[in-house]
Protein chains: 2
Amino acid sequence: MCDTVDSGTQVAIHELGNRDGDSGEDIKGSWQEEIKEGCSRFVRSCCTVKTAKTRLPILTWLPTYRLAWLFRDFVAGFTVGLTVIPQGLAYAALAELPLQHGLYSAFMGCFIYCVFGGSRHVTLGPTAITTLMVAEYVNGEPVYAVVLCLLAGCVQFLMGLLHLGFLVNFISFPVLAGFSSAAAITIATSQVKLVLGLKNIPRSFIKAVPSIFQRITHTNLSDMGMGIVCFAVLIMLKKLKEVDWDKKRGTLLKPPLWKKILRKVLWLLGTVRNAVVVVAASLVSYGLLNRGISTFTLTKEIKPGLPAFQPPQFWLVKNGTVVKNGPEIIQDIGVGLVIVPLIGFLESIAIGKAFARKGNYRIDATQELLAIGVTNILGSFVSAYPVTGSFGRTAVNYQSGVKTQLGGLFTGLLVILALAFLTPSFKYIPSAALGAVIISAVIQMVEYSVIPVFWRVKKLDLLAFVVTFFGVLLLGIQYGIALGVGVSLIILLYPSARPRATVYPAHIAPDDVLIVQLESGLNFPAVDYMRDVVAKDAFKEKPYKNVVMRCCCVSDIDCTVVQALDQLIEEFEARGLKLHFSCMRVSLLSYDTHSLTHDP
Amino acid sequence: MCDTVDSGTQVAIHELGNRDGDSGEDIKGSWQEEIKEGCSRFVRSCCTVKTAKTRLPILTWLPTYRLAWLFRDFVAGFTVGLTVIPQGLAYAALAELPLQHGLYSAFMGCFIYCVFGGSRHVTLGPTAITTLMVAEYVNGEPVYAVVLCLLAGCVQFLMGLLHLGFLVNFISFPVLAGFSSAAAITIATSQVKLVLGLKNIPRSFIKAVPSIFQRITHTNLSDMGMGIVCFAVLIMLKKLKEVDWDKKRGTLLKPPLWKKILRKVLWLLGTVRNAVVVVAASLVSYGLLNRGISTFTLTKEIKPGLPAFQPPQFWLVKNGTVVKNGPEIIQDIGVGLVIVPLIGFLESIAIGKAFARKGNYRIDATQELLAIGVTNILGSFVSAYPVTGSFGRTAVNYQSGVKTQLGGLFTGLLVILALAFLTPSFKYIPSAALGAVIISAVIQMVEYSVIPVFWRVKKLDLLAFVVTFFGVLLLGIQYGIALGVGVSLIILLYPSARPRATVYPAHIAPDDVLIVQLESGLNFPAVDYMRDVVAKDAFKEKPYKNVVMRCCCVSDIDCTVVQALDQLIEEFEARGLKLHFSCMRVSLLSYDTHSLTHDP
C-alpha cells in the first residue's frame with residue numbers, strides 16, 4: 001500500500017510535460033563501463049577450475065568413479081539401448097524419414113551427454129514430441145531434418161550462453177499439458193494408418209480422421225492383426241512389470257529363488273518390451289516371407305552401415321538439380337527454428353528436474369541447454385534430426401539403477417553396433433509393430449486427469465489448457481502453443497491492465513483539486529484504463545481546474561505510458577485544465593514526452 | 001508490504017499436501033446461477049433506448065442534425081472521396097488484386113460507419129497496413145481476399161460482442177512503432193518496382209531488394225521519369241499545403257482576397273493531391289497513346305461497373321475446375337484470420353482515439369469493433385477486401401471540417417459514381433503514378449524519431465522496437481508481431497518471474513525453524529525461482545527440520561504453482577524435512593495437489 005496523500009502545501013507538484021530530456025551522456029558512459037567491467041569479469045570467470053567443472057560435469061564424476069559401478073552402468077545403458085533402437089526406427093517412420101535416421105539420431109546424444117550432461121539419469125535421443133515437430137517442419141526431407149538439427153542446436157547453445165533458460169518458465173503447466181495431450185492424440189492418429197495398413201493418409205489430425213474413415217474398407221487385415229497383437233503384448237508386458245508381487249502376502253516371507261528369477265525376467269521383458277515385440281514380429285514376418293507369404297506391410301529397405309561424418313548439406317537436390325538452396329530451406333522451416341529448440345529444451349529440463357528430485361541432486365538449466373545444443377550441432381554431422389531428453393528412456397535408465405553418465409556410453413555403442421551389423425534385418429520389421437510401439441508410448445501422455453484439478457484450482461487455467469489442446473490439434477503445433485501461451489499470459493497480465501487507483505477531491509489553496517492516487521505501478525497494458533479513470537471524474541462537470549496524479553507507487557515507466565501521459569496532458573490543455581504529477585521519483589522526471597507525439 | 005512474521009505460537013501451520021479437494025459442486029452451482037443471471041441481465045439491457053443509442057450512434061446525431069452542416073459534410077466527404085479513389089486503386093495494385101477491388105473496398109465502410117460509427121472523423125477503407133497484410137495472406141487471389149474480409153469481419157464482430165477490445169492494450173507502443181516502420185519500408189520497396197517499371201520482383205522485402213538490384217538495368221526510363229515527377233509533385237503539394245503563410249508577417253495584417261483564394265486553392269490542391277497527380281499522369285499517358293506512343297507501363301484493364309451484391313464464394317476455380325475448397329482456403333490464410341482483424345482494429349481504434357482527443361469526445365472500443373466488423377462482413381458481399389480506419393483520410397476529413405458521420409455518405413456515393421462511370425478511363429493510369437502515391441503516403445510512417453526517446457526512457461523498449469522492426473522486415477508480419485509482443489510481455493513479466501522473498505531463521509519450540517516470507521504474489525513464471533530460493537537455504541546443511549513458507553501476500557494461485565509446491569513437499573519428504581505453509585488464505589487451502597503429479 002502507498003502512504004495516503006497529504007493535502008497540505010508540502011505536496012511537490014511537477015509537470016511532466018515541460019521537462020527536457022537530460023543526462024543521456026552520463027547514462028551512456030556508465031553503460032559502456034558496465035559492459036567493459038562485465039566482459040573482463042566474464043573472461044576471468046571462464047578460466048577457473050570451478051567453471052570448468054560446472055561446464056564439464058565429467059570432470060566431477062569421472063575422477064571419483066568406482067569400478068563397482070561399471071556393471072550397473074553397463075546394464076542400464078544396455079537396457080536403454082534395447083529401448084531406443086526400436087523406438088528410433090518407429091519415430092523415424094513417424095517423422096516420414098528413412099528409418100536409419102532414427103538410429104543416426106540415437107547415439108550422438110549418449111556420448112555428448114556423458115561429457116556435458118548434468119544428470120546421471122537423463123538420456124538424449126529421438127522422442128515423440130520432437131518427432132512430431134520434425135514431421136511438421138521438414139516434410140519428410142532428410143536434408144531439412146539435418147539443417148533443422150544444426151540450427152536448433154545453435155539456437156539452444158546460444159540460449160545457453162545467454163542464460164535464457166528462464167524463458168521456459170513462461171510456458172505454464174496447463175499449456176504444457178494441453179500441448180502434450182494434443183500431440184499424443186495427433187501422433188496416435190497418425191499411427192493408426194500403420195496399424196491398419198492404410199496408405200495416403202494426410203498428416204494433420206483434422207484431415208487424417210475423415211480420411212481414415214473413408215478408407216477404412218481398404219484395411220489390410222494382416223497388418224491390423226499384427227498391430228493389435230503387438231499393442232496387446234506391449235500393454236500386457238508393461239502391466240506385468242508393474243505388478244507388486246509381494247503386496248498380497250506381506251514382505252516377511254522370502255520368495256524362493258525360482259520365483260525371484262522369474263520376476264526378474266518379467267521385469268526385464270517389461271523394460272525392453274519394445275525390442276521384444278519388434279524382434280518377435282520381425283521373426284514372424286521373416287518366417288512367412290521365407291514360405292513365400294508376403295502379407296504384412298514392411299518397412300522400407302534401410303541404408304546399411306554407419307552414417308558418414310560430414311557437415312550438413314544446405315541444398316536439396318532432386319533429379320540432379322538443386323531445387324532448394326539454404327535460405328529457401330530455412331524459410332520453409334520458418335518458425336520451427338524457434339519452436340523446436342524451445343519445446344525440445346522444455347521437455348529435457350522438465351525431465352531432468354523430475355529425476356533430479358528423485359535422486360536428490362540439482363541440475364542447471366544453462367548446462368542442460370549447452371549439452372543439448374552441442375548434441376544437436378554435432379548430431380547434424382551424422383545426419384541426425386533434433387533430439388531431446390526422453391521421459392520413457394530416462395525412467396528406464398533410472399529403474400535400471402544407473403550410477404553415472406557413463407551408462408550413456410554403452411547405449412551409444414549398442415546403437416552403433418546395431419547400425420553396423422543389424423540393418424540388413426530391419427527390412428523384415430512390420431510397420432504395424434512400429435505403429436503399436438509408438439501408440440503404446442504416447443497413449444499415457446493424454447492428461448485427462450488434470451481437467452478436474454484445473455477446474456477446482458483455477459478455472460482460467462482450464463481455458464489455457466483447452467485453447468492449447470484444440471489449437472494444437474486443429475491449427476498445428478506453432479499456433480496452438482502461441483495461442484495457449486498468449487491466453488495464459490493474458491490471464492497473468494490482466495491485473496496489470498487494471499491497476500487500482502483512488503480518486504478523491506482535496507483542498508489545496510486557492511482551488512479544489514482532484515487527486516488521483518495510483519495504488520500500483522503503471523505499465524503499458526494499463527494506459528487506456530488509467531486514462532478512463534482520470535477522465536471519468538475530471539471531465540464530467542468541470543469543478544476541478546487542477547488534477548493531481550500521485551505516482552508514489554510508480555517505480556518504473558515505459559514509453560507507452562509516457563506517450564499516454566503526454567496525450568492526457570494535451571487533452572487537459574485542450575479543455576483548459578491542468579494535470580500535475582506528484583510524488584514521482586526523480587529518475588522518472590526527465591522525460592521529454594513531446595518528442596513522442598505525432599501530428600497527423 | 002506484508003506484515004512481519006510473529007515467531008510465536010499463533011502462527012497457524014497448514015500442510016497443503018494433505019488437503020482433500022472439496023466444494024466442487026458448490027462452485028458449479030453458483031457458476032451456473034451466475035451465467036443465468038448474466039444472461040437475463042444481458043437480454044434486459046439489450047432492449048433499452050440507451051443501448052440502442054450506444055449501438056446505433058446515428059440515433060444520437062441524426063435527430064439533432066442541422067441543415068447548415070450539410071455543406072461542410074458534403075465538402076469533407078467529397079474531398080475524402082477524391083483521396084480514396086486514387087488510393088484505392090493504388091492499394092489494390094499493392095495487394096496484387098485487380099484494381100477495381102480497391103474501389104469495391106472503399107464505399108461499404110462509408111455507409112456502415114455512418115450508422116454504427118462513434119466518431120465523426122474516422123473514415124473506413126483500404127489502408128497501407130491492411131493492404132500489406134492482404135498481400136501477404138491472399139496471394140493475389142480475389143476469392144481469398146473476399147473470404148478473408150468476411151472472416152475478419154466475423155472475428156471483429158465477435159470480439160465486439162465479447163468486449164475483447166482490451167486485447168489491443170497488450171500491443172505496446174514500441175511494437176506498434178516497429179511494425180509500422182517495417183511495414184512502411186516493405187511497402188515502399190514493393191512500389192519501387194512500379195516506379196522503375198521492373199517485372200517479376202518477389203514481394204517479401206528480403207528477396208525484393210537483391211532482385212531489384214539485379215534487374216536495375218531493365219529499368220523502364222519513362223516509368224522512372226513519371227514516377228519521380230509524380231513523387232516530387234506530391235511532396236511539393238503537401239509542403240505547399242503545410243506552409244504557414246501568416247507566420248512571417250504576423251496575423252494582424254489581413255491578406256487581400258486574391259491571396260486568400262490562392263491559398264485556399266493551394267490547400268485544396270494539397271489535400272486532393274493524389275487525385276490531381278493521378279489525373280494529370282493519366283492525361284499525359286492518354287495523350288501519348290493517342291499519338292501512338294506506348295511508353296508507360298499502364299494498369300490492367302478494369303472490369304467496369306458496380307460489383308454484384310452476392311454472398312462470398314468459398315471455392316477457387318481455375319480453368320473450370322475447383323482447385324481449392326473452403327477449408328483449404330481458410331487453412332491457406334491461416335494465422336491471417338487473427339492478425340488481420342486484430343491489427344486492423346488496432347489501427348482503427350488508435351486513429352479514433354487520436355481524433356476523439358482533438359474533437360473532445362469519447363469513442364468506445366466495443367462500438368468501433370462492431371462497426372468495423374459489420375463493414376467487413378457486408379463488404380465481403382460486394383467483393384471488398386478487409387478495411388479499417390485510415391489515418392491519412394481521417395486527417396483529411398478532420399481538416400475539411402466534417403460535422404457528422406454523414407460526410408461518409410458523400411464519400412461512398414462518389415466512389416460508387418466513379419465505379420459506374422469512370423472505370424473505362426482507369427486503364428490510362430500509369431502504374432508509376434500509383435507507386436508514387438503509395439510511397440508518398442507511407443514514407444512518413446517510418447518512425448526513426450522515436451529511437452532516441454526509447455533509448456532515454458527505457459532501453460528495453462528499444463529492444464522491443466528493434467525486434468519487431470527486423471522481425472516484420474525479415475521474417476514477415478505475423479512472426480515479427482509475435483516476437484515483438486513476446487519481447488514486450490517478457491519485459492513486463494520478468495519481475496513476476498523473480499518475486500521477492502525474505503529468508504530468516506526463527507525459534508518455534510522445540511526446534512529452530514526457517515521462515516521463507518513471500519513479499520508478493522506467486523504466479524507460474526516464478527515457480528522455478530521460488531523453489532531455488534527455498535532450496536538454497538533449506539537443503540544446504542540441514543540445520544532446520546521444518547521450513548515455514550509465509551504466504552500472506554499470495555492472493556491467488558494457479559495450477560503450475562500448486563504442482564510446483566507439491567513437488568517441493570515431495571522433495572522435502574525425501575530428505576526427511578517438513579515444509580509448512582502459514583498465513584495462507586482459506587480459499588487456497590482446499591487443493592488436492594497430489595492429483596497433479598505423474599509417476600513416470
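Since this is a predicted model, take the numbers as computed values, not measurements.

### So, the overall build of chain A
For step 1, the next point in the chain: From N to C terminus, chain A includes 23 helices and nine strands.
For step 2, the next point in the chain: The proportion of buried residues among the 600 residues of chain A is 47%.
For step 3, the next point in the chain: Partitioning the intrachain contacts of chain A with sequence separation of at least 6 by distance along the chain shows that 82% fall at a separation of at least 24.

### As for the packing of helix H4 (residues 68-94) of chain B against helix H12 (residues 273-290) of chain B
Residues and elements named next belong to chain B.
For step 1, the next point in the chain: Closest axis-to-axis distance for the H4/H12 pair is 7 Å, and the angle between their directions is 55°. By the angle between their axes, H4 is oblique relative to H12. The chirality of how H4 crosses H12 is left-handed. For the pair H4 and H12, the contacting residues are Leu 82, Thr 83, Ile 85, Pro 86 and Gln 87 in the first and Asn 274, Ala 275 and Val 278 in the second.
For step 2, the next point in the chain: Residue classes in the contact of H4 with H12 are distributed as five nonpolar, three polar and no charged.

### Here we look at the nonpolar core
For step 1, the next point in the chain: Grouped together as the largest cluster of nonpolar side chains are 342 residues, with contacts concentrated most on A:Leu148, A:Ala433, B:Leu148 and B:Ala433.
For step 2, the next point in the chain: The contact partners of A:Ala433, leaving out residues within four places of it in the chain, are A:Met226, A:Cys230, A:Val277, A:Val278 and A:Ala281.

### A word on the relation of the copies chain B and chain A
For step 1, the next point in the chain: With an RMSD of 0.1 Å, the operation that places chain B on chain A is a rotation of 180° combined with a shift of 0.0 Å along the axis. Expressed as an axis order, the relation between the two copies is that of a two-fold axis.
For step 2, the next point in the chain: The share of interface residues of chain B whose copies in chain A are also at the interface is 98%, consistent with both copies meeting through the same surface.

### Some details on the packing of helix H4 (residues 68-94) of chain A against helix H5 (residues 100-116) of chain A
All names here are of chain A.
For step 1, the next point in the chain: Two elements in contact, H4 and H5, have axes separated by 7 Å at closest approach and are oriented at 130°. Between H4 and H5, the interaxial angle falls into the category oblique. Along this stretch, H4 crosses H5, giving a crossing that reads as right-handed. Of the residues in H5, those in contact with Val 84, Ile 85, Gly 88, Leu 89, Tyr 91 and Ala 92 of H4 are His 101, Gly 102, Leu 103, Ser 105 and Ala 106.
For step 2, the next point in the chain: Classifying every residue of the contact of H4 with H5 gives seven nonpolar, four polar and no charged.

### Focus on the interface of chain B and chain A
For step 1, the next point in the chain: With 48 residues of chain B at the contact, the number on the chain A side is 47 residues.
For step 2, the next point in the chain: Counting only elements with at least two residues in the side of chain B that touches chain A, the list comes to helix H8 (173-196), helix H14 (336-359), helix H16 (391-399), helix H19 (450-457), helix H21 (477-497) and helix H23 (559-574) of chain B.
For step 3, the next point in the chain: Looking at side-chain class alone, the side of chain B that touches chain A contains 27 nonpolar, 12 polar and nine charged residues.

### Here's the deal with the confidence of the model for chain A
Predicted coordinates in areas of low pLDDT are best not read in detail.
Residue and element names in this part refer to chain A.
For step 1, the next point in the chain: Overall, the prediction assigns chain A a mean pLDDT of 83, with 89% of residues at 70 or greater.
For step 2, the next point in the chain: Low pLDDT, under 50, characterises residues 1-28; the predicted model gives this stretch 45 contacts beyond four residues in sequence or across chains.
For step 3, the next point in the chain: Scored below 50 in pLDDT, residues 592-600 shows 22 contacts in the model against residues more than four places distant or in partner chains.
For step 4, the next point in the chain: With pTM at 0.71, the complex prediction returns an ipTM value of 0.71.

### Considerations on helix H8 (residues 173-196) of chain A
Residues and elements named next belong to chain A.
For step 1, the next point in the chain: Look at H8: 34 Å from first C-alpha to last across 24 residues, which is about the 34 Å you get at 1.5 Å a residue.
For step 2, the next point in the chain: Extensive coverage of H8 is indicated by the burial of 21 of its 24 residues.
For step 3, the next point in the chain: Once H8 finishes, Gly 197 follows within two positions and takes phi at roughly 70°, a positive value.

### Examining unusual backbone geometry
For step 1, the next point in the chain: Although it is not a glycine, A:His163 sits at a positive phi angle of roughly 55°.
For step 2, the next point in the chain: Along the chain, A:His163 falls in the loop between helix H7 (142-161) and H8.
For step 3, the next point in the chain: Residue A:His163 is classed as exposed on the basis of its 11 C-beta neighbours within 10 Å.
For step 4, the next point in the chain: The backbone of B:Glu96 sits at a positive phi, close to 60°, despite the residue not being glycine.
For step 5, the next point in the chain: Take B:Glu96: it is sitting in the loop between H4 and helix H5 (100-116).

### Digging into the environment of A:Thr186
Residues and elements named next belong to chain A.
For step 1, the next point in the chain: Among the secondary structure elements, Thr 186 is positioned in helix H8.
For step 2, the next point in the chain: Taking C-alpha positions, Thr 186 is 20 Å from Val 485, a pair spaced 299 residues apart along the chain.
For step 3, the next point in the chain: Setting aside its immediate chain neighbours within four residues, Thr 186 contacts Leu 132, Phe 205 and Leu 473.

### Some points on the pairing of strand E8 (residues 546-550) of chain A
Residues and elements named next belong to chain A.
For step 1, the next point in the chain: Burial runs high along E8: four of the five residues are buried.
For step 2, the next point in the chain: Note: strand E7 (residues 511-518) against E8, five bridges, orientation parallel. The residue bridging Leu 514 from the neighbouring strand is Val 547, located in E8.
For step 3, the next point in the chain: Relative to strand E9 (residues 578-582), E8 is paired through five bridges, and the arrangement is parallel. Within E9, the residue paired with Asn 546 across the bridge is Lys 578.
For step 4, the next point in the chain: Of the crossover connections in this fold, the one passing from E8 over helix H23 (residues 559-574) to the parallel E9 is right-handed.

### A few points about the environment of B:Val278
All names here are of chain B.
For step 1, the next point in the chain: Within the element layout of this structure, Val 278 appears in helix H12.
For step 2, the next point in the chain: C-beta crowding within 10 Å serves as the criterion here: with 25 such atoms nearby, Val 278 is assigned to the buried category.
For step 3, the next point in the chain: The spatial distance from the C-alpha of Val 278 to the C-alpha of Tyr 428 is 9.8 Å, given a sequence separation of 150 residues.
For step 4, the next point in the chain: Ignoring anything within four residues of it in the chain, the contact list for Val 278 reads Pro 86, Ile 429, Ala 433 and Val 437.

### Considering the environment of B:Leu518
All names here are of chain B.
For step 1, the next point in the chain: Inspection of the secondary structure puts Leu 518 in strand E7 (residues 511-518).
For step 2, the next point in the chain: Taking the C-alpha atoms as reference points, Leu 518 and Leu 257, 261 residues apart in sequence, are found 75 Å from one another.
For step 3, the next point in the chain: Excluding anything up to four places from it in sequence, Leu 518 contacts Pro 499, Ala 501, Met 549, Arg 550, Cys 551, Cys 553 and Val 554.

What counts and how
Residues numbered from 1 in each chain as written. Chains lettered and ligands numbered in written order. Predicted model: local features only at pLDDT ≥ 70, side-chain atom pairs only at ≥ 80, totals over all residues. Helix = DSSP H or I, 4+ residues; strand = E, 2+ residues; numbered from the N terminus. Buried ≥ 20, exposed ≤ 12 C-beta atoms within 10 Å, placed from the backbone. Contact = placed C-beta atoms within 7 Å. Axes fitted to C-alpha atoms, helices over the stretch in contact; angles between N-to-C directions. Parallel < 35°, antiparallel > 145°, perpendicular 65-115°, else oblique. Left-handed = near helix turned anticlockwise from the far one by under 90°. Nonpolar A, V, L, I, M, F, W, Y, C, P; charged D, E, K, R; others polar. Core = buried A, V, L, I, M, F, W, Y, C linked by C-beta atoms within 7 Å. Least-squares fit on C-alpha atoms with pLDDT ≥ 70 in both. pLDDT = per-residue confidence, 0-100. Expected span 1.5 Å × (residues − 1). Pairing = 2+ DSSP bridges. Right-handed = clockwise from strand over helix to strand, strands pointing away.

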